[in-house]
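Understanding the architecture of this molecule
The primary structure of each chain is shown beneath.
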Amino acid sequence: MQGIVVIKCGGSTMDQLPDSFFQAIAGLQAQGQEIVIVHGGGPAINNMLDRVQITPQFVDGLRVTCEDTLRVVEMVLCGSINKALVKRLTQAGAKAWGVSGIDGQTLLATKTPRPLGWVGEIKKADTTIPKAILGQGYVPVIAPLSVSEDGAETFNVNADVAAGAIAAALSAEKLIMVTDVPGIMQPQPDGTKAVVPATSAEEIQEMIQTEVITGGMIPKVQAALDALGQGVEQVVICRGTAEDLLGVCAGQAVGTTVRMNVNYVQRGGK
Ligand SMILES: Nc1ncnc2c1ncn2[C@@H]1O[C@H](COP(=O)(O)OP(=O)(O)O)[C@@H](O)[C@H]1O
Ligand SMILES: CC(=O)N[C@@H](CCC(=O)OP(=O)(O)O)C(=O)O
């Protein structure tokens, strides 16, 4: 593989990520693969909000972010989670460098007009810092906080949206969205649920309308489609295991591959 691989680590699976997952990243890095990590941390934010007696509130998978919530989000994502990931990567033998979207205005945003409080809409992902970190031989580990153009305001951004914007700005070859489910799940006639191996924008719209896709999966699929629309070659939603990660990197059919349309065949026939 030649191009950059962006891995989005979801908060849903953060505590379950095995050492072998981080060792796989270290192995890829040792082979010269450029990797960028963007992380979430929704459940850890909820835990901390609970401790300070703020009730979490979400609209379409996005956190309604009052000023006190924003402080907690920044503390948990830039502080605890970002550093915990850097430490796990370091322990696994990778070189990792943690930053947030505020640093170097990597994620430049404006306040959303939606009634969500201090949530940002990304206007520009600046790749200067991620590229500089990659250039030094480190894995950039990016927390999804964003900043206003004048540098005065901080905004909360969904981590899937942040990962999609960064992958697009880096013209990444792959965006791998690691989560707590093996892909997009769909009910089957026998009442069980099965992973959808590949899906398109049209099918995704239908699955949102019929409430097959709900909650945190909504920003994930929307970010996946946005990234594809902006030139990212492949987006896969899969589990946080070494097996899935290495499988996707090797071009195997793992999890759900998101496509712009059903007839769209990605380069290399993947
Ligand atoms: N069709 C679907 N297939 C799989 N998961 C879905 C679907 N619709 C909603 N979800 C939910 O999306 C969750 C993953 O999103 P989220 O909790 O935001 O994870 P992360 O923290 O990894 O971004 C799953 O655990 C599941 O509860
Ligand atoms: C605006 C918004 O929703 N921000 C998210 C940022 C973290 C995130 O997205 O974490 P996951 O990847 O674990 O979902 C939040 O506050 O939870």
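- In the nomenclature of an unreviewed UniProt entry, the chain corresponds to Acetylglutamate kinase from the organism Brevibacillus antibioticus.
- Among the UniProt annotations of the chain, the heading Sequence similarities (unreviewed entry) holds the following wording: "Belongs to the acetylglutamate kinase family. ArgB subfamily."
- UniProt's Pathway (unreviewed entry) comment on the chain is quoted here verbatim: "Amino-acid biosynthesis; L-arginine biosynthesis; N(2)-acetyl-L-ornithine from L-glutamate: step 2/4."

Structural notes on the nonpolar core
- Counting 40 residues, the largest nonpolar core has Ile7, Phe21, Ile37 and Leu245 as the members making the most contacts within it.
- Excluding residues within four positions of it along the chain, Phe21 makes contact with Ile7, Cys9, Val178, Gly240, Thr241, Ala242 and Leu245.
- Counting 39 residues, the second-largest nonpolar core is a separate cluster that includes Ala162, Met217, Leu225 and Val258.

Focus: the packing of helix α1 (residues 19–30) against helix α8 (residues 242–249)
- Relative to each other, α1 and α8 sit at 30°, their axes nearing to 8 Å. Considered as vectors, α1 and α8 are oriented roughly parallel to each other. Here Ser20, Phe21, Ala24, Ile25 and Leu28 of α1 come into contact with α8, specifically with Ala242, Leu245, Leu246 and Cys249.
- Within the contact of α1 with α8, the residues separate by chemical class into 8 nonpolar, 1 polar and no charged.

Quick notes on the side chain of Thr106
- If you trace the backbone, Thr106 turns up in the loop between β5 (96–100) and β6 (107–111).
- Overall, Thr106 belongs to the buried group, its relative accessible area being 1%.
- If sequence neighbours within four positions are ignored, Thr106 has contacts with Ser100, Gly101, Lys124, Ala125, Asp126, Ile129, Pro130 and Ile166.

Brief notes about the site of ligand 2
- As a matter of local geometry, ligand 2 sits amid 14 residues, with Lys8, Gly11, Arg63, Asn156 and Ala159 nearest to it.
- Within the contact set of ligand 2, an oxygen atom lies 2.6 Å away from a side-chain nitrogen or oxygen of Arg63.
- Coverage of ligand 2 by the protein chains reaches 91% of its 430 Å² of free accessible surface.
- When residues of the shell around ligand 2 are traced back to their parent elements, those giving at least two are α2 (42–51) and β4 (62–63).
- Of the residues in the shell around ligand 2, the class split is 5 nonpolar, 7 polar and 2 charged.

Description of the pattern of salt bridges
- All told, the structure shown has 10 salt bridges when counted by the stated rule.
- Arg88 serves as the salt-bridge partner of Asp19, at 2.7 Å between the closest nitrogen and oxygen. Taken together, the residues span a long stretch of sequence, with Asp19 in helix α1 and Arg88 in helix α3 (residues 67–91) at a distance of 69 residues.
- Measuring nitrogen to oxygen at the nearest pair gives 3.8 Å for the salt bridge that ties Arg71 to Glu67. Here Arg71 and its partner Glu67 are both found in helix α3, 4 residues apart, which amounts to about one turn of the helix.
- Via salt bridges that share partners, Lys8, Asp160 and Lys220 belong to a single interconnected network.

Criteria and thresholds
- Residues numbered from 1 in each chain as written.
- Chains lettered and ligands numbered in written order.
- Predicted model: local features only at pLDDT ≥ 70, side-chain atom pairs only at ≥ 80, totals over all residues.
- Heavy atoms only, no water.
- UniProt positions renumbered as here; feature names shortened; annotations may be inferred.
- Core = buried A, V, L, I, M, F, W, Y, C linked by side-chain atoms within 4.5 Å.
- Buried < 20%, exposed > 50% of the residue type's maximum accessible area, 1.4 Å probe, protein only.
- Contact = heavy atoms within 4.5 Å.
- Axes fitted to C-alpha atoms, helices over the stretch in contact; angles between N-to-C directions.
- Helix = DSSP H or I, 4+ residues; strand = E, 2+ residues; numbered from the N terminus.
- Parallel < 35°, antiparallel > 145°, perpendicular 65-115°, else oblique.
- Nonpolar A, V, L, I, M, F, W, Y, C, P; charged D, E, K, R; others polar.
- Near = heavy atom within 4 Å.
- Polar contact = N/O pair within 3.5 Å; in protein donor to acceptor, adjacent residues only side chain to side chain.
- Areas by Shrake-Rupley, 256 points an atom, 1.4 Å probe, with all protein chains shown as cover.
- Salt bridge = Lys/Arg side-chain N within 4 Å of Asp/Glu carboxyl O.

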